[in-house]
Amino acid sequence: MPFRSARTVIRNTTGNYKLTLTFSHLCNGEWTPGGWEPPAEIRPGQTGGMQSESDGVLQGTEGYAKYDVTFGVLRLGMIYVYWTNPTAGVTRPRFAVHRVDVLPHCDYDNPDGDSVFYAMDQTVDFHLAPIRFFHTDSGGDIVRPGDLAAAFTAGPIGGIAWLAGLTNIYSDAGWEYELRQGAYGSTSSPLTPHGTTTTTVPVTEPLPPPPTTTVPDLTGLTAAEAVTLLAQAGLHQVWFYQYSEAPKGTVIAQDVAAGSEWPPGSPVGVTLSEGPDPDPGHIEDPIDPLKGLYPDEH
């Protein structure tokens with residue numbers, strides 16, 4: 001068993017937003033074996049966990065991860081989670097939400113001082129809510145990546161405790177967050193540790209969900225007809241070409257299914273038939289990636 005370990009769990013409770021890993025780093029320790037590296041993505045309704053541990057006797061662990069929050073092909077902003085479980089001192093989580101980026105807390109020389117943390121950028125339509133602190137002394141053993149729910153039985157902790165850190169040192173510590181839709185303050189209030197008074201936080205109206213448009217069915221249409229329908233839906237096309245038995249210039253495939261809700265202004269890949277292959281036995285040269293950007297010139 002490692003001398004120290006630290007776990008961060010993120011529950012994506014949104015209906016449409018996806019978390020995509022952009023960067024992760026350990027300033028002390030190593031990733032726990034068995035699949036505990038930060039997941040590449042956390043889709044709507046999914047839960048992702050990451051855990052690091054000390055790599056020597058009387059050593060601690062420290063690290064962070066950054067995720068982009070996306071809606072379709074649109075990047076809405078990012079989240080940042082940091083953790084440290086040292087040999088002695090304060091077991092501490094830190095977190096932030098920002099439209100652009102957040103400077104890390106370790107292995108980085110910031111001439112302007114420490115990174116901004118516990119920051120909730122209220123101009124983005126999502127926020128992080130810290131909902132639980134857990135460790136095996138009161139939360140049960142934490143065994144494997146899939147065994148998430150059984151381990152998180154310790155009560156919620158928040159408010160000033162999140163800012164000051166946890167004065168006790170635990171061999172294994174963990175924090176659970178929820179990614180929630182809506183600007184900070186619109187759907188949740190800061191948590192308060194047991195035995196303290198809850199402070200009322202002004203609640204604002206939730207921001208409206210991002211707009212979507214319905215992707216039309218393009219199969220069997222001509223290139224011109226496909227362009228017209230996509231334009232009417234507020235979308236644009238990216239052309240691909242493939243030999244097929246369909247007449248030349250006919251749409252034979254699209255990479256976003258008809259009927260899907262898609263962000264306006266996004267591209268849709270459209271494959272046009274080149275007609276039957278005139279020489280089925282030969283191996284084609286790679287197709288020029290610029291070919292067909294303007295179908296009338298093809």
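Structure: above.
Residues numbered from 1 in each chain as written. Predicted model: local features only at pLDDT ≥ 70, side-chain atom pairs only at ≥ 80, totals over all residues. Heavy atoms only, no water.

## Describing the overall build of the protein
The following threshold applies: Under the DSSP-based scheme used, a helix requires at least four consecutive residues in state H or I and a strand at least two consecutive residues in state E, with every element numbered from the N terminus. Accessible area is worked out with a 1.4 Å probe on protein chains only. A residue is then buried under 20% of its type maximum, exposed over 50%, and partly exposed in between. The contact criterion used is simple: two residues touch if any of their non-hydrogen atoms lie within 4.5 Å. Note on areas: these come from Shrake-Rupley sampling with a 1.4 Å probe, and a residue is covered only by the protein chains present in the view.
Secondary structure summary: the protein contains three helices and 16 strands in total. For the protein, buried positions account for 44% of its 298 residues. Excluding contacts between residues fewer than 6 apart, the proportion of contacts in the protein whose partners are at least 24 apart in sequence is 69%. If you sum the accessible surface of the protein, you get close to 15100 Å²; carbon and sulfur atoms cover 54% of it.

## Some words on the state of the cysteines
Stated precisely, the cut-off is as follows: Two cysteine sulfurs form what is called a disulfide whenever their separation falls within 2.5 Å.
A full pass over the atoms with the stated rule returns one disulfide. Disulfide partner of Cys-27: Cys-106, at an S-S distance of 1.8 Å. Between Cys-27 and Cys-106, the disulfide has an S-S torsion of 65° and is therefore right-handed. Taken together, the residues Cys-27 in strand 2 (residues 18–28) and Cys-106 in the loop between strand 8 (92–98) and strand 9 (119–120) connect sequence positions 79 residues apart. Accessibility expressed as a relative area gives 6% for Cys-106, which makes it buried.

## A closer look at helix 3 (residues 223–232)
Cut-off, in case you're wondering: Along the arc lie the directions from the helix axis toward the C-beta atoms.
The set of residues buried in helix 3 consists of Ala-223, Ala-226 and Leu-230. Each buried residue of helix 3 lies within a common arc of 60° when the element is viewed along its axis, so the set occupies one face. What points out from helix 3, more than 90 degrees from its buried face, is the exposed set Ala-224, Ala-231 and Gln-232. At its buried positions, helix 3 is contacted by strand 13 (236–242), strand 14 (251–254) and strand 16 (267–273). One or two positions beyond helix 3, positive phi appears at Gly-234, with a value near 80°.

## Here we look at the environment of Ser-52
Counted only if it meets this: Under this definition, polar contacts are N or O atom pairs within 3.5 Å; protein pairs additionally need one hydrogen-donor-capable and one acceptor-capable atom, and for neighbouring residues in sequence, both atoms have to be side-chain atoms.
Inspection of the secondary structure assignment puts Ser-52 in strand 5 (residues 47–53). Each C-alpha atom, one on Ser-52 and one on Glu-62, is 7.5 Å from the other, the two residues being 10 residues apart in sequence. Setting aside anything within four residues of it in sequence, one finds Ser-52 in contact with Arg-4, Ser-5, Ala-6, Leu-26, Glu-30, Trp-31, Thr-32, Thr-61 and Trp-83. A polar contact is formed between the side chain of Ser-52 and the side chain of Trp-83, at a distance of 2.9 Å.

## Digging into the pattern of salt bridges
To be explicit about the condition: Counted as salt bridges are all cases of a side-chain nitrogen of Lys or Arg within 4 Å of a carboxyl oxygen of Asp or Glu.
Counted by the stated rule, this structure contains seven salt bridges. The partner of Asp-68 in a salt bridge is Arg-75, and the shortest N-O contact between them spans 3.0 Å. One salt bridge connects Glu-178 with Arg-180, and the closest N-O pair in it is separated by 2.8 Å. Just as Glu-178 is buried, Arg-180 falls in that class too.

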